[in-house]
Amino acid sequence: MARKDPVRVWFLMSDLDDCGGAPRVNHDILVNLDRERFDLTQVYFYHAGDIGEQIRASGVRTVEHMAHSPVDALPLFRLWNLAMDLRPQVIFTTENALALTYAGILKQFGIVKAVVTAMHTARPLSKQGEIAWKLSLRHVDQIVALSQRNKDYWQHKSGLPDERFRIIVNGIDTAKFDLEPDKRGLRQRIGLPDDRTIIGTIANFNTVKNLGLFVDVAHDLIESGLNVHFAMVGDGVDKPMVESKIASYGHQDRFLLPGKVWDPETWQRAIDIGCLTSHSEALPLTVLEAQACGSPVVSTDVGGVRDVIVQGETGFYVPAGDRTSLVEKLRYLIENPEKRAEMGVKGRNRVLGEFSVDQMVRRYEDCFLEVVGASR
């Protein structure tokens, strides 16, 4: 049988400096795609960033600096020349405005056969993003939604038929996000107490994550006399607000804020309970990671949270912004360690069965092959 030529796929984006969930998903897709079936290039308007450099180190061709500034007039010229040289068949983007715009232009002029866009958010885009989305929409062959609710949101917003969408849930590396055999020793190494219940959140410190509510909930639990400690892992524009709020309550000794980390698995393994207070999510990777490490999660009921938490079995979801309910569910898990352990086992088993990185990557492979009419 003749060997099939690899499908040429570009991953087109601004950069991968962020260590949040979406960049980690992009990393896991790129480094795990079958290199015999796919010829991969990551193309950045600016620079690869830390995660992009990790992808480069895995052997993926990397091209940077398609744009020299936000007002650069020549990125289309550079992309066009690069495309004529490398002849991509598929361009994969997220909801990034620059990537959507230029992918749509290359498709419109027949330079690339197909465009696939994954929507990692379930909230209105920026004004620039909205314009790019509307202008490029007719050129996007497949819109990847991360959950049924994520699909419903974008289908309602776009008015496009079902066949333009597919659901590919996020997956995680369950070998990396695993049970910690020496949780006490790990906590001592990273500065967490080993004699308190640890409640953790890993997030970008921005308005959408509503981290002020996390601090309010922590205050209520501390004031009720529970022996708890809190890890808030990440960085961003809201970090000064979070630190100020913690100080206003006088709880600096009950919090650890290590900043941005590149090893979220270390922190997920160290906590006992995960907590997510977001206003909006698509399909939160941090919930899957916590569950994979054996920790139940209490979250606000937003976006695809119901797709990753089985109510009362692997954690709890409560109405968005409901401080009282968050406190109530966290208190239950703090006071019932046996139930917490039982839910942790169920959560890990579910992640292993439904949300592995291998399953996610195979689904993206099928998507890329289908949009160019290829087969396995």
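Undergrad: Would you mind showing me how to read helix H14 (residues 337-354) here?
TA: Every α-helical turn comprises 3.6 residues, leaving residues that sit three or four positions apart pointing alike. Taking 1.5 Å of rise per residue, 18 residues should cover 26 Å, and H14 covers 26 Å from first to last C-alpha, within 8% of that figure. Within the span of H14, buried status applies to Arg-340, Met-343, Gly-344, Gly-347, Arg-348 and Val-351. Down the axis of H14, the buried side of the element spans an arc of 140°, and every buried residue falls inside it. Summarising the contacts, the buried residues of H14 are in contact with strand S8 (197-202), strand S11 (273-276), helix H11 (285-292), strand S13 (315-318) and helix H13 (323-335).

Undergrad: Please clarify how the sheet that holds S8 should be interpreted in this entry.
TA: Working definition: the strands of a sheet are paired by backbone hydrogen bonds and lie parallel or antiparallel to each other. Sheet architecture is open: six strands sit in the order S10-S9-S8-S11-S12-S13, paired in parallel fashion. One side of each edge strand has no neighbouring strand; the edge strands of this open sheet are strand S10 (255-259) and S13. Shown here is a sheet whose adjacent strand axes are inclined to one another by a mean of 20°, direction ignored. Examined bridge by bridge, strand S12 (residues 297-300) and S13 share four bridges and lie parallel to one another. Bridging across to S13, Val-298 finds its partner in Phe-316. Where helix H9 (residues 239-249) meets the sheet, it contacts strand S9 (228-233) and S10, and its direction lies at approximately 160° from that of S10.

Undergrad: Where do I start with the pattern of salt bridges in this structure?
TA: Note on pairing: side chains with opposite charge can pair once their charged atoms come close. Scanning all chains against the criterion turns up 26 salt bridges. One salt bridge in this structure joins Asp-162 and Lys-151, with 2.8 Å as the shortest N-O distance. Remark: Lys-151 occurs in helix H6 (residues 148-158) and Asp-162 occurs in the loop between H6 and strand S7 (165-167); sequence separation between them is eleven residues. Taking the relative accessible area as the measure of exposure, Lys-151 reaches 10% and is therefore buried. A salt bridge links Glu-328 to Lys-329, with the nearest nitrogen and oxygen atoms 3.9 Å apart. Overlapping salt bridges bring together Asp-216, Asp-220, Lys-245 and Arg-323 as one network.

Undergrad: Mind showing me how you'd approach the layout of surface pockets here?
TA: The gaps left among the atoms become clear once a water-sized probe is rolled over them. Volume-wise, the second largest pocket comes out at about 280 Å³. What lines the second largest pocket is a set of 18 residues, and nearest its centre among them are Arg-24, His-27, Asp-28, Gln-54 and Lys-176. Elements supplying a minimum of two residues to the lining of the second largest pocket: helix H1 (21-32), helix H2 (49-57), helix H10 (264-270) and H11. Ranked by residue count, the leading element in the lining of the second largest pocket is H1, at four residues. Residue composition of the lining of the second largest pocket, grouped by class: nine nonpolar, three polar and six charged.

Undergrad: Would you mind going over unusual backbone geometry with me for this structure?
TA: Trans peptide bonds make up most of the peptide bonds, and negative phi angles are found at most residues other than glycine. Despite not being glycine, Arg-87 has its phi angle at roughly 55°, a positive value. Assignment of secondary structure puts Arg-87 in the loop between helix H3 (75-86) and strand S4 (90-93). By relative accessible area, which is 43% here, Arg-87 ends up partly exposed. Of note, the phi angle at Asn-210 is positive, near 50°, even though the residue is not glycine. Within the element layout of this structure, Asn-210 appears in the loop between S8 and helix H8 (211-223).

Undergrad: How do you make sense of the sheet that holds S7 when you look at a structure like this?
TA: Spatial strand order, S3-S2-S1-S4-S5-S6-S7: seven strands in an open sheet with parallel pairing. Single-partner strands in this sheet number two, and they are strand S3 (61-63) and S7. The average angle at which neighbouring strand axes cross in this sheet is 25°, direction not considered. Bridge count between strand S6 (residues 142-145) and S7: three bridges; the pairing is parallel. Across the sheet, the residue bridging to Val-144 is Arg-166, located in S7. On the sheet, H1 packs against strand S1 (7-13), strand S2 (38-44) and S4 and is oriented at approximately 160° with respect to S1.

Undergrad: Just to check I follow, could you spell out empty space enclosed by the protein for this structure?
TA: For the coordinates displayed, the defined rule picks out two cavities of 30 Å³ or more. The residue inventory of the lining of the largest cavity, partitioned by class, reads seven nonpolar, five polar and no charged. Residue lining of the second largest cavity: Gly-200, Thr-201, Ile-202, Ala-231, Val-233, Trp-267, Gln-268 and Ile-271, and that is the complete set. Elements with a minimum of two residues in the lining of the second largest cavity: S8, S9 and H10. Counting residues per element, the lining of the second largest cavity draws most heavily on S8, which supplies three residues. A per-class count over the lining of the second largest cavity returns five nonpolar, three polar and no charged.

Parameters at a glance
- Residues numbered from 1 in each chain as written.
- Predicted model: local features only at pLDDT ≥ 70, side-chain atom pairs only at ≥ 80, totals over all residues.
- Heavy atoms only, no water.
- Helix = DSSP H or I, 4+ residues; strand = E, 2+ residues; numbered from the N terminus.
- Expected span 1.5 Å × (residues − 1).
- Buried < 20%, exposed > 50% of the residue type's maximum accessible area, 1.4 Å probe, protein only.
- Arc of directions from axis to C-beta.
- Contact = heavy atoms within 4.5 Å.
- Pairing = 2+ DSSP bridges.
- Axes fitted to C-alpha atoms, helices over the stretch in contact; angles between N-to-C directions.
- Salt bridge = Lys/Arg side-chain N within 4 Å of Asp/Glu carboxyl O.
- 1 Å grid on protein atoms, 1.4 Å probe; cavity = no way out; pocket = protein on both sides within 12 Å on 5 of 7 lines; lining within 4 Å.
- Points joined across faces, edges and corners; volume = space filled by probe spheres on them.
- Nonpolar A, V, L, I, M, F, W, Y, C, P; charged D, E, K, R; others polar.

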